[in-house]
Amino acid sequence: EESIKEICRERGIARTELTAGQVIKIEENLTLKVLHPLPGDGTAGNDHSLVLRLVYGDCEWLFTGDIEKDGLEQLLKRQPLLQADVLKLPHHGSISSYDEAFYQAVRPQAVIVSSGSRYTNHPHPRIREYFLQRKIPLYATKERGAVITRSDGKTISIRTILP
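In this report, the structure presented in the accompanying data block is examined.

Right, let's talk about the overall build of the protein for a bit. Broken down by element type, the protein carries 5 helices and 9 strands. The order of helices and strands in the protein, counted from the N terminus, is α-β-β-β-β-α-β-α-β-α-β-α-β-β. Seen through its principal axes, the protein has C-alpha atoms that stretch 45 × 35 × 35 Å. Pairs at least 24 residues apart make up 49% of the contacts formed inside the protein by residues separated by at least 6 positions. Taken as a whole, the protein presents about 9,600 Å² of accessible surface, with 51% of it coming from carbon and sulfur. Here the protein holds 22 positive side-chain charges and 21 negative ones, and the gap between their average locations is 5 Å.

The next subject is the pairing of strand 8 (residues 147-151). In this structure, strand 8 lies alongside strand 9 (residues 156-160), joined through 5 bridges in antiparallel fashion. Paired with Ser 151 across the bridge in strand 9 is Ile 156.

Here we take up the nonpolar core. Counting residues in hydrophobic clusters, the biggest one holds 24 residues, and the most contacted among them are Leu 62, Leu 82, Leu 87, Leu 89, Phe 102, Tyr 103 and Phe 131. When residues of this core are traced back to their parent elements, those giving at least two are helix 2 (69-78), helix 3 (100-106), strand 6 (110-113), helix 4 (125-133) and strand 7 (138-140). Take this core: its biggest share by element is 4 residues, from helix 3. The residues touching Phe 102, leaving out its near neighbours within four places in the chain, are Leu 62, Thr 64, Leu 72, Leu 75, Leu 76, Leu 82, Leu 87 and Pro 90.

Parameters at a glance
- Residues numbered from 1 in each chain as written.
- Predicted model: local features only at pLDDT ≥ 70, side-chain atom pairs only at ≥ 80, totals over all residues.
- Heavy atoms only, no water.
- Helix = DSSP H or I, 4+ residues; strand = E, 2+ residues; numbered from the N terminus.
- Contact = heavy atoms within 4.5 Å.
- Areas by Shrake-Rupley, 256 points an atom, 1.4 Å probe, with all protein chains shown as cover.
- Lys, Arg positive; Asp, Glu negative; His and termini not counted.
- Charge placed at Lys NZ, Arg CZ, Asp CG, Glu CD.
- Pairing = 2+ DSSP bridges.
- Core = buried A, V, L, I, M, F, W, Y, C linked by side-chain atoms within 4.5 Å.
- Buried < 20%, exposed > 50% of the residue type's maximum accessible area, 1.4 Å probe, protein only.

Put into structure tokens, the structure is as follows:
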């Protein structure tokens, strides 16, 4: 983090730290809401990851960075209404971010997990099974390549680069 700050300082690049409660209006019907971390919360590592909700019309995406179980529990205490149509799984689908209460609060219609071939156990089989049992499609980038969501503000379509 310090090296990024230094590079920005040297190059005159403006930097903004995002914290829970901030809302960025991108367009009339498109908003990015910051859910985590809290300002000055003092957490470090993965539990300091950004958690963002993108709202476009009636459609919602939840992007969870690398937040892990402790961070998810704190988020749920502060923000019990986390429902989103599409969930980007926390921490590459690692077991350290497995939290059924969180998944139940989000109630996604689709799940995306970003991981590469070096992540042999991501998403973790327990996480994969959780969504499989509930017939919620899971799109893993290591298997399907890039995952692209498209929306008109009323519905969301998902496609992948690989079949």
